[in-house]
Amino acid sequence: MKPSLPIDVFDSLHELLHLFRARMRKAMETVHPELTFNEMRILMRTGRQPGITQRDLVEHSHADKAQMARLLAHLEERGWLTRSPSESDKRVRCLRLSAQGQQFFTQLRRLQESVAAELLRDSPPPSQAQLLALLRQACDSADAHSGCVG
């Protein structure tokens, strides 16, 4: 069977993401052994998008609503996350990192940067920028053709 360039692209992306996740899990064990990868993803998304809602997180992660609610409650119990009513709709709760969560976010962000830099160490910054531009272009194109928003 003839090789398929598009499939090879996605296979390579999958492998790279798998390596990134595996190395992040190992690095996270040194920072906070009990933190799960999904909890880390929630903290990182909330740190990058203060005020994000539980619904936004569910849509982004494709997680089950009940599972997301449990994860958020757990992160709130640990003191890393706060929830407050939205100014525009009091029924909606906006998520933000607490001061402790912000410090933890900074630490996790440094870990991510370190792992990512290690994985891309043989690719010069201009190549990384080109790869990022191509991936964003592919995402934009896929969204435009599927009718997806955002």
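Residues numbered from 1 in each chain as written. Predicted model: local features only at pLDDT ≥ 70, side-chain atom pairs only at ≥ 80, totals over all residues. Heavy atoms only, no water.

Asks: I would appreciate a short explanation of the sheet that holds strand 2 (residues 81–85) in the present structure.
Replies: Note: strands within a sheet are paired through backbone hydrogen bonds, in either parallel or antiparallel orientation. With antiparallel pairing, the three strands of this open sheet are ordered in space as 1-3-2. Both edges of this open sheet fall to strand 1 (52–53) and strand 2, since each of them pairs with a single strand only. Pairing between strand 2 and strand 3 (residues 93–97): five bridges, direction antiparallel. The residue of strand 3 that forms the bridge with L81 is L97. (Pairing = 2+ DSSP bridges. Helix = DSSP H or I, 4+ residues; strand = E, 2+ residues; numbered from the N terminus.)

Asks: So what exactly am I meant to see when it comes to a nonpolar patch on the surface here?
Replies: Taken together, L5, V9 and F10 make up a surface patch of nonpolar side chains, about 330 Å² in accessible area. Looking at the secondary structure, you find V9 in helix 1 (residues 5–31). Classification of V9 as partly exposed rests on a relative accessible area of 39%. (Patch = residues over 30% accessible without salt bridge, like charges linked within 9 Å, V, L, I, M, F, W, Y side chains within 5 Å. Areas by Shrake-Rupley, 256 points an atom, 1.4 Å probe, with all protein chains shown as cover. Salt bridge = Lys/Arg side-chain N within 4 Å of Asp/Glu carboxyl O. Buried < 20%, exposed > 50% of the residue type's maximum accessible area, 1.4 Å probe, protein only.)

Asks: Explain the nonpolar core here, please?
Replies: Generally speaking, soluble globular proteins have nonpolar side chains that are buried together. One finds L35, M40, L43 and L108 to be the most contacted residues of the largest nonpolar core, which totals 25 residues. At the level of secondary structure, the elements contributing two or more residues to this core comprise helix 1, helix 2 (37–48), helix 3 (54–61), helix 4 (65–77), strand 3 and helix 5 (99–119). In contact with L43, other than residues within four places in its own chain, are L35, L75, W80, L97, F104, F105 and L108. (Core = buried A, V, L, I, M, F, W, Y, C linked by side-chain atoms within 4.5 Å. Contact = heavy atoms within 4.5 Å.)

Asks: Got a minute to help me understand the environment of F10 in this structure?
Replies: Counting through the fold element by element, F10 comes out in helix 1. Taking C-alpha positions, F10 is 24 Å from L57, a pair spaced 47 residues apart along the chain.

Asks: Help me out: how do you make sense of the side chain of R45 in this one?
Replies: Counting through the fold element by element, R45 comes out in helix 2. Residues contacting R45, with those up to four places away along its chain left out, are I52, L57 and H60.

Asks: What am I meant to see in the pattern of salt bridges here?
Replies: Close approach of charged atoms allows side chains of opposite charge to pair. According to the stated counting rule, one finds five salt bridges in the structure shown. Between E118 and R23 there is a salt bridge, with the nearest N and O atoms lying 2.8 Å from each other. Here E118, found in helix 5, pairs with R23, found in helix 1; they are 95 residues apart in sequence, far enough to count as distant. For E118, a relative accessible area of 36% puts it in the partly exposed group. For R23, a relative accessible area of 31% translates into the label partly exposed. Residue E113 pairs with R109 through a salt bridge whose shortest N-O separation is 3.7 Å. One end of the pair, E113, and the other, R109, are both in helix 5, four residues apart, so they sit about a helical turn from each other. Exposure remark for E113: the relative accessible area of 46% places this residue in the partly exposed category.

Asks: Explain the layout of surface pockets to me, please; I cannot follow it from the model alone.
Replies: One water molecule sets the probe size; rolling that probe over the atoms shows where empty space is left. The volume enclosed by the largest pocket comes to roughly 2,000 Å³. In terms of lining residues, the largest pocket is bounded by 44 residues, among which L17, F20, R45, L132 and L135 are the most central. Mapped onto the lining of the largest pocket, the elements with two or more residues apiece are helix 1, helix 2, helix 3, helix 4, helix 5 and helix 6 (125–146). Ranked by residue count, the leading element in the lining of the largest pocket is helix 6, at 10 residues. (1 Å grid on protein atoms, 1.4 Å probe; cavity = no way out; pocket = protein on both sides within 12 Å on 5 of 7 lines; lining within 4 Å. Points joined across faces, edges and corners; volume = space filled by probe spheres on them.)

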